[in-house]
Every structure is written in structure tokens, then in C-alpha cells.
Amino acid sequence: MNYWLFKSEPSVFSFEDLKAKGKAGTQWDGVRNYAARNNMKAMQIGDLGFFYHSNDGLDVVGIVEVCALAHQDTTTDDPRWECVDIRAVKDVPKPVTLEQVKANPKLAEMALVRLGRLSVQPVTSAEWKEVCRMGDLTPAP
């Protein structure tokens, strides 16, 4: 099992929007960053991720699951851009803010702190457990 973080501006696509897609989920399209694309290419079905509201909110608000492997992003004809499909699993009972993440020494090396602009990021198992603990997700999914 690998863990990830998916960032989206809630005014563009929120966790509520993802939940409305149901079990089928939706493709995580529009990513035009090679590192983020490569992260998606490394994902496996069943991997879990945090859904993070960027710009407005700045907090981890939900848990998602990868439900389709990397495939052509249908929003472009350029074959370089691939994406995965994700679906909502559950809300984070107590959203975890970026400020809280930055204040936690256990998360000092988290990509969210170090690579703030990257839209799809890896999360270590230890980081996953700590953010879940902070968000009142016990036991961690």
C-alpha cells in the first residue's frame, strides 16, 4: 500500500464534488507537471490518498482511493499526460490544516511542507498515520 496527497482548489473541484461522483470516482485530470504525473504512474489500485484543499482552506479534508491505473488524460491529445482515477472514501472528521502540518516536527519532511506547489505528492506511512491521528481518523484507514 502506498499513500499520496492530491491537491485541488475547492472552487474548481472540491472533496464534495468528488463524493458526488460516487463509487465510480473520476479521473484526476489536468495535471501538467512531470513529477506529479510520474507519481500517478507509480500508483496502484487500492492506494489511498489525502484530498487537500489548496489556496482556499489549506487543509486535508478527505481520504481517497485510487480506482484506476494511470491512463491517457482525456482533457488533452498530448500522449505525455496521464492520470489515475480516484474515488472518495471518507471525510476527515477534523480537517488538518497546513499550519498544523508545518507545526508538527514529525511532518517536517513531508512533501506538503517541502514541495508545496506539487499537486500530486507521495506520503510516507509514518506521515499518513500522523495526519490521520491529527484528523481523528483512528485507526488510520
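Residues numbered from 1 in each chain as written. Predicted model: local features only at pLDDT ≥ 70, side-chain atom pairs only at ≥ 80, totals over all residues. Heavy atoms only, no water.

*Asks:* Before we go on, may I ask you to explain the sheet that holds strand β6 (residues 120-123) in this structure?
*Replies:* Picture the strands of a sheet paired through backbone hydrogen bonds; they go either parallel or antiparallel. Taking strand neighbours across the sheet as the criterion, the six strands line up as β2-β5-β4-β3-β1-β6 in an open arrangement whose pairing is mixed. Either end of the sheet is taken by a strand with one partner, and the two such strands are β2 (26-27) and β6. Relative to β6, strand β1 (residues 3-8) runs antiparallel, the two sharing four bridges. In the sheet register, W4 faces β6, and the bridge partner there is P122. Contacting β1, β3 (48-53), β4 (59-72), β5 (82-97) and β6, helix α5 (residues 125-134) runs over the sheet at an angle of about 55° to β3. (Pairing = 2+ DSSP bridges. Helix = DSSP H or I, 4+ residues; strand = E, 2+ residues; numbered from the N terminus. Contact = heavy atoms within 4.5 Å. Axes fitted to C-alpha atoms, helices over the stretch in contact; angles between N-to-C directions.)

*Asks:* For this particular structure, what's the right way to read the UniProt feature "domain: EVE" (unreviewed entry) in the protein chain?
*Replies:* In this numbering, the UniProt entry assigns the feature "domain: EVE" (unreviewed entry) to residues 2-134. For residues 2-134, helix accounts for 26% and strand for 36%, while the C-alpha atoms at its two ends are 19 Å apart. (UniProt positions renumbered as here; feature names shortened; annotations may be inferred.)

*Asks:* Any chance you could explain the environment of L48 here in plain terms?
*Replies:* Relative to the helices and strands, L48 is located in strand β3. Assessed through its relative accessible area of 9%, L48 is described here as buried. Sequence spacing of L48 and A88 is 40 residues, and the spatial spacing of their C-alpha atoms is 9.8 Å. Apart from residues no more than four positions distant in its own chain, L48 is found in contact with M1, N2, Y3, W4, I63, V64, E65, V89, W128 and P141. (Buried < 20%, exposed > 50% of the residue type's maximum accessible area, 1.4 Å probe, protein only.)

*Asks:* Honestly, the nonpolar core in this entry has me stumped. Any pointers?
*Replies:* Nonpolar side chains tend to gather and get buried jointly when the protein is soluble and globular. Residues L5, F50, V60, M110 and W128 are the most contacted members of the largest nonpolar core, which totals 20 residues. Mapped by element, the contributors of at least two residues to this core are β1, β3, β4, β5, α3 (98-103) and α5. Looking at which element gives the most residues to this core, the answer is α5, with four residues. With 19 residues, the next largest nonpolar core counts V31, M40, V66 and V120 among its residues. (Core = buried A, V, L, I, M, F, W, Y, C linked by side-chain atoms within 4.5 Å.)

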